[in-house]
Amino acid sequence: MQQPLSTGHGAPLQNSSSAPEHHQQVPNKAPLAPTAGQYDFTYYQNDYQAPVHNIIRPSLCPTSSGSPQGPGQIYTTLPLGPSLIAPQGPNLIAARPQLDHIPQQAGYVPSGGYYPGQVSYNVPFQSTTQGVYPHSTTSVNNAHPGFSYHHAMPVSSTQYSVPLTSQTLHPASSQPLVGVLPSRVKPLPETRQRHTQASFQPYPAGNTGAAWQPLPEASVTTPTSPIVNPTVTSSSANSQTSTVPPLLMPHHVNQSYLPDRPNVATLPAVGAPHARRPPPSAHQPVSASASPAPASEAQEGVDTSSSSSSSTNTSLPNNYDALEGGSYQDSSSSATTVPAPSDPRSSMSTKPFGYAYPTLQPAYQNVASPSHSVRQPTGPGYSPGPQQFTRPFSSVNQLSSAMEGLTFQNRQAEALKQVSLLQERNILPPVPIQSPQSNLSPELQKLNCSPDLFRCTLMNIPQTQALLNKAKLPLGLLLHPFRDLTHLPVITSSTIVRCRSCRTYINPFVSFLDQRRWKCNLCYRVNDVPEEFMYNPLTRSYGEPHKRPEVQTATVEFIASSDYMLRPPQPAVYLFVFDVSHNAVESGYLNICCQSLLENFDKLPGDSRTRIGFISFDSTVHFFNLQEGLSQPQMLIVSDIEDIFIPTPDSLLVNLHESKELVKDLLKVLPTMFTSTRETHSALGPALQAAFKLMSATGGRISVFQTQLPSVGVGHLLSREDPNQRSTTKGVHHLGPATDFYKKLALDCSGQQVAVDLFLLSGQYTDMASLACMSKYSAGSIFYYPSFHHIHNPAQVEKFQKDLKRYLIRKIGFEAVMRIRCTKGLSIHTFHGNFFVRSTDLLSLANINPDSGFAVQMSIEESLVDTSIVCFQAALLYTSSKGERRIRVHTLCLPVVNSVADIYAGADVQAITCLLATMAVDRSVSSSLSDARDALINAVVDSFTAYRSTVSNLQQSVLVAPNSLRLFALYILALLKQQAFRTGTSTRLDERVFAMCEIKTQPLVHLMLMIHPNLYRIDNLTDEASIIVGDKMIPQPPILQLSAEKLSKEGAFLMDCGSVMYLWIGKNCNSSFISEVLGFSNYASMPQNMTQLPELNTTLSQRTNSFVSWLRDSRPFLSIIYVVKDDGPFKANFLQKLVEDRTESALSYYEFLLHIQQQISK
Amino acid sequence: MAFTFAAFCYMLSLVLCSSLICFAIWNIIAFDELRTDLRSPIDQCNPLHARERLRNIERICFLLRRLVLPEYSIHGLFCIMFLCAQEWLTLGLNIPLLFYNLWRYFHSPTDNNELMYDPATVMNDETLNYCQKEAWCKMSFYLMSFFYYLYWLMCGPQACEQTVGETRTSLPLSISIAHAPLATVVTVSWISRFLGSFRQTYLSDLVLPELIFYIEICSDSESK
């Protein structure tokens, strides 16, 4: 196996000659100039981008135009001198990964594995660049066994037996699980227990057995040296050519090396599942370790009362979700329609969200991995930096520790590498970006909270506020605390161990001074370890408190003891408030809504105590008496809306199970009751008051459906929008509420543990700014369907249906509070999200749902010199829909650094962007939109200025950014062009305000898509580089830059903006694509407004559909897909999302950079 | 001492200033109360306590908001009076605060007349810090202006002109004026100590509800 290296040096010619061939297939083969010329967008009037480029091109890269390597590299072949360029050029980034595994393969392939383990890189390249760039050496395997932890103490089991046994499984959700692998069902005394048990079992079984087992063998055997060779040769080719100015740019490198991804090409089934990270929903591949089986046996032995919730604590989260009632895995798995019973599981576990980011694999994810060490890169060519390498691992662990030091330095160097923004043409990596690495030691890193749940803008915390001020970056946290998890250890214990002074929950980052004492990592108080904690039920050993699950995972859930409740946990109570005025009936939403409720009636999360009620309103308020025993629902009309009262307080909110038939009757009748109404007024305020009165005794959730401006009664609103001012650049007014009625109501609701969720379905102005207050302060969620109509707008209808389904069945937590603690010295000063701040560190959340995120801003009050790490702990106490009090605890640990360079190295550009976006929303409401926009631009200018003056030592004229922040300017530009902040483009006030609400509440992954969409070319999807989800191959096209230059008339491009997707079809698009995927004979015959992708029986169609549905499954709510034609109605929307281009009112990316540079040099 | 209009102004402002000091002190107490939640963390998480706490916050904010207008109008009255009395120096000292008050009053984020102290946002640490600092600054300003008015009332130019030769008043007054800075310090420290003990004892349970009740009654009678 020394061969590859030697042949590799001989091979460059061969390899580079092969590159052009592949260019034939790649999307961007069209040279720039023709592309620009081809465009006949009236929108851009032919000069949209080209002039700018033309101006720059000569000055920056005189040699490039004739370069055979293609257009994209224009900016990368720099004449400015290799010494300056060398560390920045993308070519090196591209080359490096290739290099990195040369020695690895050379050294280790003989040992049988493909990528055998934590390997050191000693690359010949070292001398020419700033260092070696190994991918992280964190050993990701063997992190935690998925624990199944039952408290064996009889006290606890008896204590909880009553509430637990009262829980019933949802028949609907448990049945399929039972059917998954009947062979695993253990005989248990009771049938219901069997269900429970069965639903736990199939998971590990399906994983280890069916889906995963074959993989290891395959992976070990297939990659043979001939396949490996090309990679090696090509990379060494790069290493040789790297000093020569005209280089391949990363993108082209990718393309040319496509065939060099042997594992993927030849054995997609192997390379795929592990290659990427799973989606947010199914966020950890299921850890099928050895532990579940003994655990379930233990359960049989110990806990025959079947505390179903405590047995969910194994790595079988979906069962937990199934128990809990709602989670969108359920819907997604049904949406993917995977036939094989075990597939939904595996599809969930492998459904990737982003690319693998080796060192960040959260610890608990990796349990399953050692058994099949298949981690392979999804194509080395794709990765512009070594971090994108998926770290292969095997049982070889020993090297990792030896490599730690080196890794840190390298990682640091990589993150700090200066990027000259004006010269870096293709700055966007073709794979999704992951959060950067902190300087934490791998042991702690392994334990750390997943970045999907808990993320800090700076992965390295500065020591003092002065240092933070020097770096000019915001310090804050982004949380997604109640996210659907696939792996969540649930702990039932009679005592929950907490610090006695600051009440921190025990977590993996505390230090045990000895067996009996532990030191709090937040306030440094020394606490005693209680006797009970000494016993570890996982290993059934005594005296190992540090092996307890609380101390092994950063995300745990406790079942709280009665100390945590003063009143009995509230039942799940749902109240639906429908607008039934003429306008509402006309839009036809009521029918869809009732239908959806009927369909998901049994899936509403709850237990036997669940209650439900309905109110409808036009200019009067209607109540529905659903008392058990009535033959049919009674409608009670209250017309006194000035002083609203509840006619029959006892029979309006009824038990869901007792009055099931009546409720179903009502839902069937309700849409027809108001079909002939002439009432146009809407008394929303009084209806809400009535709803509040009805709910205040119990707390719960009010879902309000509103289709027009409330016109009578308290809280009536007037139209404040001036349509002529929609595209003004002067200033946007009326972003704040017109009345504080809704805010006050929300606060009252919050005090009574009632959350108000708002569904706004309206074509006209509805004053979202005022109405949204009812959800903002009561921790509700807001949904907006502009121009909803059941006939005219089928896309919105579909979205509404799907969203409503998700909304109804998703998990819900009642009467929740969240407290975020941080190490002494740090303090949280501002919160963002939907909640009420009850005391300075306590958020009151009447309801918590798995789709809402939060952000906080922090400051450093005392110097952190004495400590090397800081920790943040978010504890969410809530009542589950089963009436259990639970506490979900997330702990994040970050290192403290004392140099500005380290701060920049750990800057998380996505988190920073999202935090700045939330701050900008606040600013635009409290001050003005232009202030907020200026503040955003200043954020970039300040941080780049600070970087240049403190870290970089380049001459003045170059705009440089640290590698970690290289996308900062792009993201801020995208933010400025986002609906919430854009000016000059016609934006309806409601849509703007809604976008602002979304920015405040969306978790990071979804928010990033809203800000900066992903663009893919999908007319030439291949199975290369695809990943496997279930039994489907999901192609993985590279992400393109958001520029019209990347579009070509011959292609079809998919833009994924989170809640919508645009499929842009070029005029000369391949007719086979149009016929095979879209089902039309040619371009001209396609309709103007297509919003569906047909399922056709062709390979291309299947590929496209699987890709689209894979994208859709990664988010909780449906993304509408709009097929955009050049002359179609969605074209303007699509073009506005191309943020790198100039629009009539906003700068292009290049102009924006120039603007920043100008500001900096001022 | 002849009773000039200026002297009257100073006398009146002296009285009103003491009421402004009371307002400021009350503000400080209120923000302190907002900041501190004297409950154990477990209690705090309790839904029942949540209601109580929320009501408390809302009441405090309500009260704070009710006090805003009187405070600003009293201070505005000062300025008008001094303008009429042509006390330019005093007016000049008061003008910055007047403008600040005006800015504070009209720079409200919402479209309606709702001012600051919004229960939904006041609990953010940043807002709270700002408000508290503002209250302390105002208190010190009023306290200093209190002694300033006292000084001008007793031995200001207009008073001195009228009382030449009458040594009767000047001696004890001059002593007291000489001690004014000291007295300020003593008063401030006393107030802060008082605040500390006051809050810890019964503020939240006894005094605040009483105060709120009283003010609510007043407002009710006003509205009727």
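Rules and cut-offs
- Residues numbered from 1 in each chain as written.
- Chains lettered and ligands numbered in written order.
- Predicted model: local features only at pLDDT ≥ 70, side-chain atom pairs only at ≥ 80, totals over all residues.
- Heavy atoms only, no water.
- Helix = DSSP H or I, 4+ residues; strand = E, 2+ residues; numbered from the N terminus.
- Buried < 20%, exposed > 50% of the residue type's maximum accessible area, 1.4 Å probe, protein only.
- Contact = heavy atoms within 4.5 Å.
- Phe/Tyr/Trp six-rings, centres within 6.5 Å; stacked < 30°, edge-to-face > 60°.
- Lys NZ or Arg CZ within 6 Å of the ring centre and 35° of its normal.
- Buried area = accessible area lost by both parts, 1.4 Å probe.
- Salt bridge = Lys/Arg side-chain N within 4 Å of Asp/Glu carboxyl O.
- Expected span 1.5 Å × (residues − 1).
- Bend = angle between axes of the 7 residues up to and from the residue.
- Pairing = 2+ DSSP bridges.
- Axes fitted to C-alpha atoms, helices over the stretch in contact; angles between N-to-C directions.
- Polar contact = N/O pair within 3.5 Å; in protein donor to acceptor, adjacent residues only side chain to side chain.
- Disulfide = S-S within 2.5 Å.
- Core = buried A, V, L, I, M, F, W, Y, C linked by side-chain atoms within 4.5 Å.

## Remarks on the overall build of chain A
Phase 1 of the analysis: If you tally the helices and strands in chain A, you get 43 helices and 34 strands.
Phase 2 of the analysis: Split into buried and exposed, the 1162 residues of chain A put 69% on the buried side.

## Let's talk about the overall build of chain B
Phase 1 of the analysis: Assigned secondary structure in chain B consists of eight helices and zero strands.
Phase 2 of the analysis: Scanning chain B from its N terminus toward the C terminus, one meets helices and strands in the order α-α-α-α-α-α-α-α.
Phase 3 of the analysis: Within the span of chain B, comprising 224 residues, buried residues form 46% of the whole.
Phase 4 of the analysis: For chain B, restricting intrachain contacts to residue pairs at least 6 apart in sequence, the fraction spanning at least 24 positions comes to 82%.

## Thoughts on the packing of aromatic side chains
Any two aromatic rings considered together are summarised by their centre-to-centre distance and by the angle between their planes.
Phase 1 of the analysis: The full count for this structure, using the stated rule, is 44 aromatic pairs over all chains.
Phase 2 of the analysis: Judged by centre distance (6.2 Å) and plane angle (80°), the rings of F759(A) and F800(A) are edge-to-face. Within this pair, whereas F759(A) is found in strand β18 (residues 754–762), its partner F800(A) is found in helix α33 (residues 794–809), the two being separated by 41 residues in sequence. Each member of the pair F759(A) and F800(A) is classed as buried.
Phase 3 of the analysis: Considering the side-chain rings of Y10(B) and Y149(B), the 6.0 Å spacing of their centres and the 50° angle between planes classify their relative orientation as tilted. With a gap of 139 residues between them, Y10(B) in helix α1 (residues 5–35) and Y149(B) in helix α5 (residues 125–155) connect regions that are remote in the sequence.
Phase 4 of the analysis: Three or more aromatic residues joined by ring pairs make a cluster, and in this case those are F576(A), F578(A), Y589(A), F614(A), F705(A), F759(A), F783(A), Y785(A), F788(A), F800(A), Y807(A) and F1117(A).
Phase 5 of the analysis: The positively charged end of R701(A) is found above the aromatic ring belonging to Y807(A), 4.2 Å away from the centroid.

## Structural notes on the interface of chain A and chain B
Phase 1 of the analysis: With 39 residues of chain A at the contact, the number on the chain B side is 29 residues.
Phase 2 of the analysis: Together, the buried faces of chain A and chain B total about 3,100 Å²; carbon and sulfur atoms form 54% of this surface.
Phase 3 of the analysis: Remark: the boundary between chain A and chain B carries zero salt bridges.
Phase 4 of the analysis: Of all the secondary-structure elements, those providing two or more residues to the side of chain A that touches chain B are α30 (741–751), β20 (813–822), β21 (826–832), β22 (836–839) and α35 (909–926) of chain A.

## So, helix α4 (residues 88–106) of chain B
All names here are of chain B.
Phase 1 of the analysis: Helix length check: α4, at 19 residues, gives a terminal C-alpha distance of 26 Å against a target of 27 Å (1.5 Å per residue), a fit within 8%.
Phase 2 of the analysis: By the largest-angle criterion, N94 marks the main kink of α4, which is about 35°, and a proline, P96, follows within four residues.
Phase 3 of the analysis: Within α4 the residues assigned to the buried category are T90, L91, N94, L97, L98, N101 and R104.

## Describing the side chain of T823(A)
Phase 1 of the analysis: Residue position: T823(A) is located in the loop between β20 and β21.
Phase 2 of the analysis: What T823(A) contacts, discounting residues up to four positions off in sequence, is N521(A), L522(A), Y524(A), V870(A) and C871(A).

## Observations concerning the pattern of salt bridges
Two side chains carrying opposite charge are able to pair once their charged atoms lie near each other.
Residues and elements named next belong to chain A.
Phase 1 of the analysis: Going through the model one piece at a time under the given rule, you end up with 26 salt bridges over all chains.
Phase 2 of the analysis: Residue D602 is joined to K660 by a salt bridge in which the shortest nitrogen-to-oxygen separation is 3.3 Å. Taken together, the residues span a long stretch of sequence, with D602 in the loop between α27 (589–599) and β13 (611–617) and K660 in helix α28 (residues 660–673) at a distance of 58 residues.
Phase 3 of the analysis: K660 sits in the partly exposed class, given a relative accessible area of 24%.
Phase 4 of the analysis: In this structure, R810 and D851 form a salt bridge, with 2.7 Å as the shortest nitrogen-oxygen distance. Of this pair, R810 sits in the loop between α33 and β20 while D851 sits in the loop between β23 (842–848) and β24 (854–860), placing them 41 residues apart in sequence. Taken individually, R810 and D851 each receive the classification buried, so the pair is uniform in this respect.
Phase 5 of the analysis: Through salt bridges with shared partners, a single network forms among D484, R806, R810 and D851.

## With respect to the sheet that holds strand β34 (residues 1120–1124) of chain A
Residue and element names in this part refer to chain A.
Phase 1 of the analysis: In space, the five strands of this open sheet follow the order β31-β28-β32-β33-β34, with mixed pairing throughout. With partners counted over all chains shown, the strands left at the sheet margins are β31 (1039–1040) and β34, one partner each.
Phase 2 of the analysis: Here helix α41 (residues 1099–1113) sits on the sheet and contacts β28 (1014–1017), β32 (1052–1056), β33 (1060–1065) and β34; the angle it forms with β32, its principal contact strand, is near 10°.

## Observations regarding the environment of N460(A)
All names here are of chain A.
Phase 1 of the analysis: Structurally, the position occupied by N460 is in the loop between β2 (454–456) and β3 (461–462).
Phase 2 of the analysis: You can call N460 buried: its relative accessible area is 1%.
Phase 3 of the analysis: Distance from N460 to N898, taken between C-alpha atoms, is 9.2 Å for residues 438 residues apart in sequence.
Phase 4 of the analysis: Each residue touching N460, except ones within four places of it in the same chain, is listed here: S438, N439, P895, V897, D902, I903, A905 and G906.
Phase 5 of the analysis: Side-chain polar atoms of N460 contact the backbone oxygen of D902, separated by 2.9 Å.

## Looking at unusual backbone geometry
Residue and element names in this part refer to chain A.
Phase 1 of the analysis: You will see that R503, though not glycine, has its phi angle at about 65°, which is positive.
Phase 2 of the analysis: Looking at the element boundaries, R503 is found in the loop between β5 (490–492) and β6 (511–514).
Phase 3 of the analysis: Looking at R503, the relative accessible area reads 21%, which means it is partly exposed.
Phase 4 of the analysis: One non-glycine residue, D767, lies in the positive phi region at around 55°.
Phase 5 of the analysis: Position of D767 among the secondary structure elements: in the loop between β18 and α31 (768–771).
Phase 6 of the analysis: By relative accessible area, D767 is classed as buried at 0%.

## A word on the state of the cysteines
Phase 1 of the analysis: Applying the stated rule across the entire model yields zero disulfides over all chains.
Phase 2 of the analysis: We note that C84(B) lacks a disulfide partner, and the nearest cysteine sulfur, in C9(B), lies 7.2 Å from it.

## Brief notes about the nonpolar core
Phase 1 of the analysis: Residues F872(A), F944(A) and I1065(A) are the most contacted members of the largest nonpolar core, which totals 277 residues.
Phase 2 of the analysis: It is α1(B) that contributes the most residues to this core, 18 residues altogether.
Phase 3 of the analysis: With residues near it in sequence (within four places) discarded, I1065(A) still touches G1051(A), A1052(A), F1073(A), I1074(A), L1078(A), Y1083(A), M1086(A), V1123(A) and V1124(A).
Phase 4 of the analysis: By size, the runner-up hydrophobic cluster in this structure holds 42 residues, among which are F576(A), F614(A), F788(A) and L808(A).

## Quick word on the sheet that holds β6(A)
Residue and element names in this part refer to chain A.
Phase 1 of the analysis: In space, the three strands of this open sheet follow the order β6-β7-β8, with antiparallel pairing throughout. Edge strands, defined here as strands with exactly one partner in the open sheet, are β6 and β8 (526–528). Neighbour-to-neighbour, the strand axes of the sheet open up by a mean angle of 35°, direction not taken into account.
Phase 2 of the analysis: Both β6 and strand β7 (residues 517–519) contribute to a ladder of three bridges, which runs antiparallel. Looking at the pairing, F512 lines up with W518 of β7.

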